[in-house]
Amino acid sequence: MEGYKEKKSKSIVICGYPISIFFIVVNEFCERFSYYGMRAVLVLYFKYFLKWDDDFATTIYHTFVALCYLTPILGAIVADSWLGKFKTIVYLSIVYTLGQIVMAISAIHDITDANRDGTPDNMTFHIALSMVGLILIALGTGGIKPCVAAFGGDQFTDDQEKQRSTFFSIFYLSINAGSLLSTVITPILRAQECGIHTQQKCYPLAFGVPAALMVVALIVFIVGSGLYNKTAPQGNILVKVCKCIGFAIKNRFRHRSSEYPRRDHWMDWAEEKYNKLLIAQVKMVVKVLFLYIPLPMFWALFDQQGSRWTLQATTMNGDFGFLIIQPDQMQTVNPILILALVPIMDSLIYPLINKCKLNFTPLKRMTVGMFLAALAFIVAALVQIQIDKTMPQFPSSKQGQTKFINMLDTQLNVKAGHYNITLSPYTANADYLTFDEPFELFLNSNTSVQADIPDGNRTTMVIIQGPVSPMYKQFRDLESKPEEGGNAIRFFNGFGSALNVTVGDQNFGKIVPNNMSERVLVPRGNAQFRIFDGTRECTYTQELGFGSSYTLIIPPTVPFPQCQDSIRPVLNIERNTVHMAWQIPQYFLITAGEVVFSVTGLEFAYSQAPSNMKSVLQAGWLLTVAVGNIIVLTIAEVIKLDDQWAEYILFASLLILVCIIFAFMAHFYTYIDPAKIEAEFAKEEPEEKKKESLKMDKKDSVKNFYENGTNSDSSSDEEEPNQTKM
């Protein structure tokens with residue numbers, strides 16, 4: 001290519017391997033750590049920091065993943081047609097690094113937290129910064145994806161085929177190692193608390209460490225620059241294939257009239273411009289790409305591990321006894337199972353099937369993989385049904401629900417609407433009462449007050465303080481699970497003086513008499529609340545799990561310093577009781593599906609692809625991942641189902657349908673040997689060129705005879721016309 005100087009560095013070899021591959025493997029490990037680490041916490045960042053609902057968080061997450069799998073096509077074209085692999089990797093890695101840094105900055109809540117309450121005052125700024133960061137990351141990670149592995153392969157000579165094969169094994173091991181470590185570490189970093197003025201979940205650190213690893217990846221790759229073999233760009237075969245297909249379609253449209261004879265294959269309409277070998281190769285590629293059409297549905301399910309399944313884990317119990325698992329850490333189950341299942345499949349399952357004389361072809365394996373992924377979502381739906389049973393039932397748009405608390409030192413009979421309840425002193429009714437309209441409130445059958453509570457779509461708590469007006473106070477309750485598995489705790493001060501309550505380093509503030517404190521998120525464990533009235537102090541202890549909400553009632557008669565038995569906990573929202581371990585079966589099924597589907601799919605595509613067009617099928621494969629993510633965001637935004645388990649069943653049903661269609665298509669597929677077909681055309685081409693040359697020579701001889709009166713070759717010094725139609 002003009003302007004590009006190919007560089008063949010003096011290769012330093014250690015144990016038969018060029019030392020340059022060390023820099024490439026380290027670069028890939030750091031880059032994959034950076035990408036998967038950032039992606040592991042992304043959906044929770046959307047939900048808890050940017051305050052997006054589950055559907056919108058899922059939509060933006062899958063839009064980002066789709067972009068990450070669309071940009072590799074752009075990266076491949078730039079590398080092969082313009083910059084070359086080395087420069088493409090360096091330039092786009094800089095873009096990538098900037099994106100990671102921008103993401104880390106966007107997560108610093110103190111930047112716009114002018115009043116220092118722990119909540120950003122200008123959320124638009126953080127959203128805009130996040131979107132810029134994600135676009136840069138998508139461009140960077142996608143752009144270098146098709147270049148790094150191929151650049152590593154370029155470091156080997158033709159007589160190092162065995163070493164090249166070993167390199168690719170180490171290369172993909174580094175990918176899985178980076179993915180595994182990052183999905184363990186970054187959720188732990190996110191769970192820490194940090195901040196300048198107020199302590200919040202540490203998303204800046206969770207994004208900052210992947211950004212630092214990307215800086216390391218870039219530096220390591222550049223340091224090895226003098227050791228690399230840098231090949232000049234030679235034109236992108238994908239562009240060539242697209243032009244050939246485009247010309248065939250265009251030419252066929254021009255000659256659509258019945259007066260033109262039909263051709264055996266629609267690609268044969270490209271013969272006027274392209275040689276038969278290229279057309280035959282494109283036919284092989286198109287044949288495989290046709291089988292790719294149903295594949296996006298598998299990826300639509302698979303990539304929800306980072307969105308819907310992570311959100312599902314936020315409503316579950318992560319207490320494994322010896323350690324606490326964060327919701328986003330459940331994603332580590334996938335890379336762990338991959339490392340275990342790949343050798344099991346290769347060395348045990350497949351050989352066993354072969355011994356049973358079963359014709360388990362690659363396309364049949366892929367069908368089984370799709371079916372396993374569908375089963376995984378059926379299991380996820382069953383788990384979700386169990387979770388829903390433990391979730392609070394919040395009111396509909398035209399309903400309200402209320403819980404009453406008796407703050408009198410005598411038993412109270414309460415009639416509210418059609419409900420009749422009896423409350424002991426300083427207690428509440430166990431379950432919320434649902435009302436469709438305002439109701440009259442009767443106390444001990446002789447006091448009637450017209451109650452305008454609750455409003456539609458509200459959950460409230462009514463504190464009954466006396467038999468005369470104002471006889472009650474109304475407080476708004478939570479209408480969603482507490483964030484990030486925390487426990488939302490608040491105090492009602494029925495004591496005669498102001499109180500201060502603290503737990504750990506968190507403060508509920510000054511609580512005036514007959515009033516409610518703000519809610520404070522308290523982590524799981526044995527929480528100790530210190531209650532101080534100015535001169536005296538007592539400690540109240542309560543065991544907390546994941547995701548509960550309590551109102552703690554301090555009665556007027558609370559004794560200091562022994563208040564443990566006097567304070568009355570009122571349950572607002574039950575803790576998460578379904579254990580995260582119940583997600584392991586669905587992770588096992590979808591990972592088994594990935595191993596059978598993805599590994600086999602790439603193997604099949606490579607076996608059926610012409611030698612110079614494997615990159616085209618790789619681009620097509622990545623495109624199916626992008627389309628799969630587009631399917632998810634479409635369903636999340638357009639088909640909004642009320643129940644999450646129903647959405648899981650919908651996805652499972654769609655994949656089973658696609659699985660049946662794919663099995664039907666696979667049944668009629670005929671396996672080919674691309675090398676054999678290419679060899680046949682290679683033999684035919686010289687004969688065709690020879691005939692064309694003789695034909696041209698004869699034509700020139702006749703022309704010379706009439707023009708010059710001789711049959712000799714008088715134009716031998718002229719440039720010979722190019723007989724190959726390209």
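Residues numbered from 1 in each chain as written. Predicted model: local features only at pLDDT ≥ 70, side-chain atom pairs only at ≥ 80, totals over all residues. Heavy atoms only, no water.

Caption draft 1: Spatial organisation of the sheet that holds strand β14 (residues 472–476). One open sheet holds the 4 strands; their spatial order is β10-β7-β13-β14, and the pairing between them is mixed. Each end of this open sheet is capped by a strand with a single partner; those strands are β10 (433–435) and β14. In this sheet, adjacent strand axes meet at a mean angle of 30° when their direction is disregarded. Looking at chain direction, strand β7 (residues 400–406) and strand β13 (residues 458–464) are connected through 7 bridges and run parallel. Bridged to N406 within β13 is I464. (Pairing = 2+ DSSP bridges. Helix = DSSP H or I, 4+ residues; strand = E, 2+ residues; numbered from the N terminus. Axes fitted to C-alpha atoms, helices over the stretch in contact; angles between N-to-C directions.)

Caption draft 2: Summary view of the state of the cysteines. Counting across every chain of the model gives 2 disulfides. In this model, C194 is linked to C202 through a disulfide, with the two sulfur atoms separated by 2.0 Å. Looking down the S-S bond of the C194 and C202 bridge, the torsion is 105°, so its handedness is right-handed. Using a relative accessible area of 5% as the deciding quantity, one classes C202 as buried. Across a sulfur-sulfur distance of 2.2 Å, C538 and C563 are joined as a disulfide pair. Sign of the S-S torsion, about 100° for the bond between C538 and C563, identifies this disulfide as right-handed. On the criterion of sequence distance, the pair formed by C538 in strand β21 (residues 537–544) and C563 in the loop between β22 (549–554) and β23 (568–573) is long-range, its members being 25 residues apart. For C563, a relative accessible area of 1% puts it in the buried group. In the protein, the bonded cysteines, numbered by position in the sequence, are linked as 1-2, 3-4. (Disulfide = S-S within 2.5 Å. Buried < 20%, exposed > 50% of the residue type's maximum accessible area, 1.4 Å probe, protein only.)

Caption draft 3: Just the environment of C68, in detail. If you trace the backbone, C68 turns up in helix α2 (residues 54–83). As for C68 and G140, which are separated by 72 residues in sequence, their C-alpha atoms are 8.3 Å apart. Those residues in contact with C68 that sit more than four places away from it in its chain are Y35, A138, T141, G142 and K145. (Contact = heavy atoms within 4.5 Å.)

Caption draft 4: The arrangement of the packing of aromatic side chains in detail. Going through the model one piece at a time under the given rule, you end up with 44 aromatic pairs. With a centroid separation of 5.1 Å and 15° between ring planes, the pair formed by Y45 and F49 is classed as stacked. With Y45 and F49 both in helix α1 (residues 20–49) and 4 residues apart, the pair spans about one turn of that helix. On the numbers, 5.0 Å between centres and 35° between planes, the contact of F46 with W52 is tilted. In this structure F46 comes out as buried when scored by relative accessible area, which is 0%. Using a relative accessible area of 12% as the deciding quantity, one classes W52 as buried. An aromatic cluster of three or more residues is present, and its members are Y45, F46, F49, W52, F56, Y203 and F207. The residue whose ring lies beneath K145 is Y69, and the NZ or CZ to ring-centre distance is 4.9 Å. The cationic tip of R263 hangs over the ring face of W269; the distance from NZ or CZ to the ring centre is 4.1 Å. (Phe/Tyr/Trp six-rings, centres within 6.5 Å; stacked < 30°, edge-to-face > 60°. Lys NZ or Arg CZ within 6 Å of the ring centre and 35° of its normal.)

Caption draft 5: View of the side chain of E28. Checked against the element boundaries, E28 lands in helix α1. Although E28 is buried, it makes no salt bridge; R32 carries the closest opposite charge, 4.0 Å away. When sequence neighbours within four positions are dropped, the list of residues in contact with E28 reads V148, F171, S174 and I175. (Lys, Arg positive; Asp, Glu negative; His and termini not counted. Salt bridge = Lys/Arg side-chain N within 4 Å of Asp/Glu carboxyl O.)

Caption draft 6: Molecular detail of the pattern of salt bridges. Going through the model one piece at a time under the given rule, you end up with 16 salt bridges. Linking K47 and D54 is a salt bridge whose minimum nitrogen-to-oxygen distance equals 2.7 Å. Exposure remark for D54: the relative accessible area of 30% places this residue in the partly exposed category. Sharing partners across several salt bridges, the network here consists of D55, R308 and E647.

Caption draft 7: Region of the structure containing the pairing of strand β8 (residues 412–416). Residues of β8 alternate between two faces, with L412, V414 and A416 buried on one and N413 and K415 left unburied on the opposite face. In this sheet, strand β9 (residues 419–423) lies alongside β8 in antiparallel orientation, the contact comprising 5 bridges. Looking across to β9, one finds that N413 is bridged to T422. Following β8, the chain reverses through 2 residues before pairing antiparallel with β9; G417 in that reversal takes a positive phi of roughly 60°. Here 3 bridges tie β8 to strand β11 (residues 439–443), and the two strands are oriented antiparallel to one another. What sits directly across from V414, in β11, is L443.

Caption draft 8: View of a positive patch on the surface. On the surface, a cluster of positive charge is made up of K243, K250, R254 and K273. Locating K243 in the fold gives a position in helix α7 (residues 237–254). (Patch = residues over 30% accessible without salt bridge, like charges linked within 9 Å, V, L, I, M, F, W, Y side chains within 5 Å. Areas by Shrake-Rupley, 256 points an atom, 1.4 Å probe, with all protein chains shown as cover. Charge placed at Lys NZ, Arg CZ, Asp CG, Glu CD.)

Caption draft 9: Molecular detail of the confidence of the model for the protein. Residue-level pLDDT values for the protein average 84, and 90% of them are 70 or greater. Averaged pLDDT values over the elements of the protein bottom out at 52 in strand β1 (residues 7–8) and peak at 96 in helix α9 (residues 296–302). Every residue in residues 693–726 is under pLDDT 50, and counting partners more than four places away or in other chains gives 24 contacts. (pLDDT = per-residue confidence, 0-100.)

Caption draft 10: Main features of the packing of helix α5 (residues 161–191) against helix α11 (residues 333–355). Closest axis-to-axis distance for the α5/α11 pair is 8 Å, and the angle between their directions is 145°. For the pair α5 and α11, the sense of crossing is left-handed. Counted together, L173, N176, S179, L180 and T183 of α5 and P335, I336, I338 and L339 of α11 form the full contact between these two elements. Counted by class, the contact of α5 with α11 contains 6 nonpolar, 3 polar and no charged residues. (Left-handed = near helix turned anticlockwise from the far one by under 90°. Nonpolar A, V, L, I, M, F, W, Y, C, P; charged D, E, K, R; others polar.)

Caption draft 11: Region of the structure containing the sheet that holds strand β16 (residues 499–503). Spatial ordering of the open sheet is given by β17-β16-β20-β21, a layout of 4 strands whose pairing is antiparallel. The two strands at the open ends of the sheet, each matched to only one other strand, are β17 (506–511) and β21. Each strand axis lies, on average, 20° off the axis of its neighbour in the sheet, ignoring direction. Relative to β17, β16 runs antiparallel, the two being bridged by 4 bridges. Pairing of N500 across the sheet is with K510, part of β17.

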